[in-house]
Amino acid sequence: MGNSKSGAVSKEILEELKLNTKFSETEIVQWYENFKKQCPSGRITKEEFQNIYRKFFPDSDANTYAHHVFRSFDANDDGTLDFKEYIIALHMTATGKTTSKLEWAFSLFDVDKNGYITKSEVTEICTSIFKLIPKDEVEDLPEDENTPEKRANKLWKVFEKGDDDRVAEGEFVQGLLDNEDALRLIQLFHSKA
Ligand SMILES: [Ca+2]
Ligand SMILES: [Ca+2]
């Protein structure tokens, strides 16, 4: 009794997570226990992550989208998600305020991680989001949203930029905060995942 278990979350990570998220110590410890149960190695690989998404989206192709989400969560680019990356991701996507969600969305859309979003990056992510929509639901989409290109065009219009321009994080967040229609186009992933 009283001995700290080697499997427990480290003090250092605990302090950092308390600082960077709104989760309490008890919550973080609980998340950690769940995480260790589901993932004894302490790291989630991209394949494991894609498997989780496949379960959430059994009627569609979630692989490309999961690939991009994984990239946006893998802060240190080592090809796995550790507990810290996992919990920060969870915080941003599940309980974050709209602004922090949009900051995360920016990193999702910034495919090459250069700090700007181009129209081709918007098209790439819109295509991966589109693949999440089950085929029989695609038929019911409004005329101006029924292809990835149309959705990308609609989203890009929000920023009032030319096709060869680029969008910085502040412009991205502000543009979407002011536009519920565009917000809806990128929020599909919050409905189920
Ligand atoms: Ca990592
Ligand atoms: Ca970029």
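Residues numbered from 1 in each chain as written. Chains lettered and ligands numbered in written order. Predicted model: local features only at pLDDT ≥ 70, side-chain atom pairs only at ≥ 80, totals over all residues.

Where an unreviewed UniProt entry is consulted, the protein appears under the name EF-hand domain-containing protein, with the organism given as Ameca splendens.

**Thoughts on the environment of Thr93**
You can see Thr93 is positioned in helix α5 (residues 83–95). The partly exposed category is assigned to Thr93, around which 19 C-beta atoms lie within 10 Å. Separated by 52 residues in the primary sequence, Thr93 and Glu145 have C-alpha atoms spaced 24 Å apart. (Helix = DSSP H or I, 4+ residues; strand = E, 2+ residues; numbered from the N terminus. Buried ≥ 20, exposed ≤ 12 C-beta atoms within 10 Å, placed from the backbone.)

**A few points about the packing of helix α4 (residues 63–73) against helix α6 (residues 98–109)**
At a minimum axis distance of 8 Å, the contact between α4 and α6 shows a crossing angle of 115°. In terms of axis orientation, α4 runs roughly perpendicular to α6. Where α4 crosses over α6, the two elements pack in a sense that is right-handed. Listed contacts from α6 to His68, Val69 and Ser72 of α4 are Trp104, Ser107 and Leu108. Classifying every residue of the contact of α4 with α6 gives 3 nonpolar, 3 polar and no charged. (Axes fitted to C-alpha atoms, helices over the stretch in contact; angles between N-to-C directions. Parallel < 35°, antiparallel > 145°, perpendicular 65-115°, else oblique. Left-handed = near helix turned anticlockwise from the far one by under 90°. Contact = placed C-beta atoms within 7 Å. Nonpolar A, V, L, I, M, F, W, Y, C, P; charged D, E, K, R; others polar.)

**Quick word on unusual backbone geometry**
One non-glycine residue, Lys113, lies in positive phi territory at about 55°. Looking at the secondary structure, you find Lys113 in the loop between α6 and β3 (116–118). According to the C-beta neighbour criterion, Lys113 is exposed, with 10 such atoms within 10 Å. Phi is positive for Glu160, close to 50°, though the residue is something other than glycine. Here Glu160 shows up in the loop between α9 (148–157) and β4 (166–168). Residue classification places Glu160 among the exposed positions, given that 10 C-beta atoms sit within 10 Å.

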